[in-house]
Amino acid sequence: MAEILGVGITHYPPLLGEPDTYANLLRMVLKSPHIPAEMKDPSAWPAAMQEQWASEIDAAQEHQARHQAAFTTVRKAIDDFAPDAVIVFGDDQYENFKEDVIPPFNMYCMDSFATAPFGFLKGAPNIWNAPADHQFDVPGAGNLARELASEIINEHFPLAYSYRYLNHESLTHAFANAIVYLDWQNEGWPYPIVPISVNCYGAGVVQTRGGMAQLFDGRPESEKDPYLDFPGPAGPTPRSCFELGEALRRVLDARSGRYVVMASSGWSHAFLTAKNHWLWPDQSFDLARYEELQAGEQSKWRDLTTDAIEDAGSQEFKNWICLSGVVPERTPRVVDYLDTWIFNSQKCFALFEG
């Protein structure tokens, strides 16, 4: 039977840059013509959000420090565990999942992953002073991935897989950022990975172009493409995410070796939370999930609904639901939980140790 370490982290993209850029997603949203004029005035925001906005730089520096401390703790746990491979659930935001094919899940069976994370910053400085075009290779576990895909399919779970990227030249952000942050001290990343992309954005992946494109589309509905500019078919349900995790656990239990299984994502995202005018995330939804996590009741996530997740703007939480199916019986050690108003998304760090 394999030994498994469960890990939950964030891949918050602005963390690549300097702290004074962490709220830039909020600044972008404020330029949308779809935000009510009165909500563009900070005096209309919740009091706690106004306070964080007024002390943005201090809040951002604290945000960075807590992230660094949490990633350092998680990396030490991974190093101490010394895995044979790291299996990662991460969302695809209109990167490889585009108009040509959008599977619910896809496992990448590759021996090496070209990685270029700093292009996201478009030439702006990053905290490692790496050049914008810096590239490196992350080791992959291609043979293991092929075996896992085959065995999961034989568990009656129809998992898609691929041997190369389809629409993206490098490792997509949910995985690339995770590796960069887990190697904060630039010590290197020796563990081969098996990325599993999840269509977390579901009905909105094309309409939003994996982000917030719909917030800047000023065309009348009569001029929009009936397929590409409106919600499409749903993504995987929470139950199917959980069941993928269960299938992976059964497959791993039948093997020997040591494996980290990781979820890489933030939780509720402001730019996905329509009921909050896309300005702040859904703290109450995520707090309820956090309390369940603290109690070791993550198996309850299987029974969440897609509607509830999308109402909360917490689509990326599906990555954590996949992880919960792997370790439903474990009460995790929560490393940190970052509740925010202006930095787009709640973030959680947890270790599900055996």
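Scroll up to find the structure.
Visitor: Any chance you could explain the overall build of the protein chain here in plain terms?
Guide: The number of helices and strands found in the protein chain is nine helices and ten strands. For a compact globule of 354 residues, the expected C-alpha radius of gyration is about 20 Å, and the protein chain comes in at 19 Å, within 12% of that figure. Its C-alpha atoms put the protein chain at 60 × 45 × 45 Å along the principal axes. Of the contacts formed within the protein chain by residues at least 6 apart in sequence, a portion of 81% connects residues at least 24 apart. A total of about 14300 Å² of accessible surface is found on the protein chain, and carbon and sulfur atoms cover 50% of it. Of the charged side chains in the protein chain, 26 are positive and 48 negative; the average position of the first set lies 2 Å away from that of the second.

Visitor: Is there a simple way to think about the sheet that holds strand 7 (residues 193–198) in this case?
Guide: One key point about sheets: their strands pair by backbone hydrogen bonds, in either a parallel or an antiparallel sense. Read across the open sheet, the eight strands follow the order 6-3-7-2-8-1-10-9; overall the sheet is mixed. Since the sheet does not close on itself, it has two edges, and those belong to strand 6 (160–162) and strand 9 (333–338), each with one partner. When strand polarity is set aside, the average angle formed by the axes of neighbouring strands in this sheet is 15°. Relative to strand 10 (residues 347–352), strand 1 (residues 3–9) is paired through three bridges, and the arrangement is antiparallel. Counted as the bridge partner of Gly 6 is Phe 352 from strand 10.

Visitor: Would you mind going over the pattern of salt bridges with me for this structure?
Guide: Charged atoms that come close allow side chains of opposite charge to pair. Tallying each qualifying case throughout the model produces 23 salt bridges. Salt-bridge contacts for Asp 253 lead to Arg 249; the nearest nitrogen and oxygen are separated by 3.2 Å. In this pair, Asp 253 and Arg 249 are both assigned in helix 6 (residues 238–253), four residues apart and thus about one turn of the helix distant. Accessibility expressed as a relative area gives 25% for Asp 253, which makes it partly exposed. Between Arg 289 and Glu 292 there is a salt bridge, with the nearest N and O atoms lying 2.9 Å from each other. Of this pair, Arg 289 and Glu 292 both sit in helix 7 (residues 283–294), three residues apart, which is roughly one turn of the helix. When its relative accessible area of 14% is taken as the criterion, Glu 292 is described as buried.

Visitor: Explain the pairing of strand 10 here, please?
Guide: Side chains on a regular strand alternate between the two faces of the sheet. Among the six residues in strand 10, six count as buried, and that is most of the element. The alternating pattern of strand 10 places Lys 347, Phe 349 and Leu 351 and Cys 348, Ala 350 and Phe 352 on opposite faces, both of which are buried. In this structure, strand 9 lies alongside strand 10, joined through five bridges in antiparallel fashion. Residue pairing in the sheet places Tyr 337 in a bridge with Cys 348 of strand 10.

Visitor: Sorry if this is basic, but what is going on with the environment of His 269 here?
Guide: Mapped onto the secondary structure, His 269 falls in the loop between strand 8 (258–264) and helix 7. For His 269, a relative accessible area of 6% corresponds to the buried category. C-alpha separation for the pair His 269 and Ile 127, spaced 142 residues apart in sequence, amounts to 23 Å. Dropping the residues within four chain positions of it, His 269 is found in contact with Tyr 201, Pro 281, Gly 313, Glu 316, Asn 344 and Ser 345. A distance of 2.7 Å separates a polar side-chain atom of His 269 from the backbone oxygen of Trp 267.

Visitor: I would appreciate a short explanation of the packing of helix 6 against helix 9 (residues 318–326) in the present structure.
Guide: Relative placement of two packed helices is described by the angle separating their axes and the distance separating the axes. Running from amino to carboxyl end, helix 6 crosses helix 9 at an angle of 40°, the nearest separation of the two axes being 6 Å. Viewed along their axes, helix 6 and helix 9 adopt a mutual orientation that is oblique. Seen from above, helix 6 lies across helix 9 with right-handed handedness. Contacts between helix 6 and helix 9 involve Pro 238, Cys 241, Phe 242, Gly 245, Glu 246, Leu 248 and Arg 249 on the former and, on the latter, Lys 318, Ile 321, Cys 322, Ser 324, Gly 325 and Val 326. In the contact of helix 6 with helix 9, the residues fall into seven nonpolar, three polar and three charged.

Visitor: Any chance you could explain the nonpolar core here in plain terms?
Guide: One broad rule of soluble globular proteins: the nonpolar side chains tend to lie buried together. By size, the foremost hydrophobic cluster in this structure holds 115 residues, and its most contacted members are Ile 78 and Leu 279. The biggest single contributor to this core is helix 3 (residues 56–81), with eight residues.

Visitor: When you look at the packing of aromatic side chains in this model, what are you seeing that I'm missing?
Guide: Aromatic rings considered in pairs are described by the distance between their centres and by the relative angle of their planes. Per the stated rule, a full pass over the model turns up 22 aromatic pairs. Counting every residue linked through ring pairs, the aromatic cluster contains Phe 71, Phe 118, Trp 128, Tyr 181, Trp 184 and Phe 349. A cation over a ring is seen here: Lys 224 above Phe 230, with NZ or CZ 5.9 Å from the ring centre. Directly above the aromatic system of Phe 242 lies the positively charged group of Arg 302, at a separation of 4.9 Å from the ring centroid.

Visitor: What's the story with the environment of Leu 252 in this structure? I'm lost.
Guide: Mapped onto the elements of the fold, Leu 252 is located in helix 6. Overall, the relative accessible area of 0% leaves Leu 252 in the buried class. Along the backbone, Leu 252 and Glu 147 are 105 residues apart, and their C-alpha atoms lie at a distance of 11 Å. Other than its neighbours up to four places away in sequence, Leu 252 contacts Ala 2, Ile 4, Ile 87, Leu 148, Tyr 259 and Val 261.

Visitor: Would you mind going over unusual backbone geometry with me for this structure?
Guide: Its identity as a non-glycine residue notwithstanding, His 156 has a phi of 70°, on the positive side. As for its placement among the helices and strands, His 156 is situated in the loop between helix 4 (142–154) and strand 6. With relative accessibility at 75%, the residue His 156 sits in the exposed group. Phi angles above zero are rare outside glycine, and Asn 344 is one such case at about 75°. Note that Asn 344 resides in the loop between strand 9 and strand 10.

So, how was this worked out
- Residues numbered from 1 in each chain as written.
- Predicted model: local features only at pLDDT ≥ 70, side-chain atom pairs only at ≥ 80, totals over all residues.
- Heavy atoms only, no water.
- Helix = DSSP H or I, 4+ residues; strand = E, 2+ residues; numbered from the N terminus.
- Rg over C-alpha atoms; globule rule 2.2 N^0.38 Å.
- Contact = heavy atoms within 4.5 Å.
- Areas by Shrake-Rupley, 256 points an atom, 1.4 Å probe, with all protein chains shown as cover.
- Lys, Arg positive; Asp, Glu negative; His and termini not counted.
- Charge placed at Lys NZ, Arg CZ, Asp CG, Glu CD.
- Pairing = 2+ DSSP bridges.
- Axes fitted to C-alpha atoms, helices over the stretch in contact; angles between N-to-C directions.
- Salt bridge = Lys/Arg side-chain N within 4 Å of Asp/Glu carboxyl O.
- Buried < 20%, exposed > 50% of the residue type's maximum accessible area, 1.4 Å probe, protein only.
- Polar contact = N/O pair within 3.5 Å; in protein donor to acceptor, adjacent residues only side chain to side chain.
- Parallel < 35°, antiparallel > 145°, perpendicular 65-115°, else oblique.
- Left-handed = near helix turned anticlockwise from the far one by under 90°.
- Nonpolar A, V, L, I, M, F, W, Y, C, P; charged D, E, K, R; others polar.
- Core = buried A, V, L, I, M, F, W, Y, C linked by side-chain atoms within 4.5 Å.
- Phe/Tyr/Trp six-rings, centres within 6.5 Å; stacked < 30°, edge-to-face > 60°.
- Lys NZ or Arg CZ within 6 Å of the ring centre and 35° of its normal.

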